[in-house]
Amino acid sequence: MKTYQLISRIMATILLCFCFPSCISDVEEFFVQDGTIRLTSEITSTSRVTDQSLQSIQIVEGQQVGVTITGAASDHENVAWVVGKNGSLSNTGSAVYWGTTNATITAYHPYHSNCTGTSHTFTVNTDQSTEEGYLDSDLLWTTTTASATTKPVALNFTHKLSKINVTLVNKGNENISNATITLCGVNVATGFNPQTGELYAVTENIADIKASVTTDCAYTASAIIVPQTLAQGTKFIKITFEDKDYHYTLPEDLVFESGQAYQFTIEVNISDNSNAKTDYVDLKFGMPGVSASYNSATGSLTMTYPSGSMPSVMVGNSTVLPAEYDFDIRVVESVSISGNTLSMETSK
């Protein structure tokens, strides 16, 4: 487990949540003798949606999936099927019948009428604060081969994109129920092959994503991004509280992979910063074994220290840069720690 300090006494930990065990929902079987192909759905993989659990094992009722069937008695390409109770699927097109050979069934969610062929650009919503905005961003895919049967064929979907979960833990006296959480500077577009489920690079579309929020039991937020790598120093998570923005800055490169969920838990105690805005901190620039990297364009400052020598730094602290940076006076806006490396965003 890695622990990062975000803003004074605001810390974040990243837990990489790899593929969760599959949970199979009970779907009532029914038998039909007219030769039509019938389908049902379920999901295996990590959780998705606003309360961090919805659409984790089942596609939400009323959603549509696009279905293509080859080897059937007639063509059936990218036809919308509607998700019903317990994952049942209802065909909105003409009835499709079993042929004389096995049928290959491929499906994806959410349905797009133009999602045909082998290439399609999929874009997640920049406003995922609503269930609709979130679900429309949750790209799922599956394929299976089946022989003629009177039972519904089960389609086992997997999540194709990456999920970000953020949980705020209130350690102070602030009422954080009105805080908003935004993922900043992320790519929202990916290429998608609906026949194979493959993702591929397309022209990047960089944007901010407003995350969904629930405060029923704890303050949590979720959003979906396309798989990508974000660089060290990226101001990734923005917490807006009482008209002020606070950022979590990545202390190292982070790779977001397909079908995985990433948990950020942030402890919030903003009020303790009120008396620290003008405090000077000695970052020990001249100390043997200390290395510094400063980006004058962005104000990002990264310091690496020998073990046990890292100074205590808080948001609002000021420091003076060495001569090579013209003795510039900087104020710390955000702080993160990884091992012996201290990463800060600063301003004049």
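Here, every reference points to the structure presented above.
For clarity, every value in this text was computed on a predicted model and none was experimentally measured.

Right, let's get into the nonpolar core. I164, V166, L168, I181, F236, I237 and F264 are the most contacted members of the largest nonpolar core, which totals 41 residues. Taken together, the elements giving at least two residues each to this core come down to β11 (162-170), β12 (180-187), β15 (206-210), β17 (219-225), β19 (235-241), β20 (244-249), β21 (254-256) and β22 (261-268). Here the element with the most residues in this core is β17; it accounts for 5 residues. Formed by 22 residues, the second largest nonpolar core is a distinct cluster that contains L39, W81, L89 and I105.

Moving on to the environment of S119. With respect to the helices and strands, the residue S119 is situated in the loop between β7 (103-109) and β8 (120-123). For the pair S119 and Q195, spaced 76 residues apart in the sequence, the C-alpha separation amounts to 8.8 Å. S119 has contacts with F192, P194 and Y200, leaving out every residue within four places of it along the chain.

Here the focus is the sheet that holds β20. Pairing is antiparallel across the open sheet formed by 4 strands, whose spatial order is β15-β12-β19-β20. Across the chains shown, the open sheet's two edge strands, defined by having one partner strand only, are β15 and β20. When the angles between neighbouring strand axes are averaged without regard to direction, this sheet yields 25 degrees. The sheet contact formed by β19 and β20 spans 6 bridges and is antiparallel. Bridging from a neighbouring strand, T240 pairs with D245 of β20.

Topologically, S336 is positioned in strand β26 (residues 329-338). On the basis of relative accessible area, S336 is assigned to the buried category, the value being 1%. Within polar-contact distance, the side chain of S336 engages the backbone oxygen of T249 at 3.4 Å.

Definitions and limits used
- Residues numbered from 1 in each chain as written.
- Predicted model: local features only at pLDDT ≥ 70, side-chain atom pairs only at ≥ 80, totals over all residues.
- Heavy atoms only, no water.
- Core = buried A, V, L, I, M, F, W, Y, C linked by side-chain atoms within 4.5 Å.
- Buried < 20%, exposed > 50% of the residue type's maximum accessible area, 1.4 Å probe, protein only.
- Helix = DSSP H or I, 4+ residues; strand = E, 2+ residues; numbered from the N terminus.
- Contact = heavy atoms within 4.5 Å.
- Pairing = 2+ DSSP bridges.
- Axes fitted to C-alpha atoms, helices over the stretch in contact; angles between N-to-C directions.
- Polar contact = N/O pair within 3.5 Å; in protein donor to acceptor, adjacent residues only side chain to side chain.

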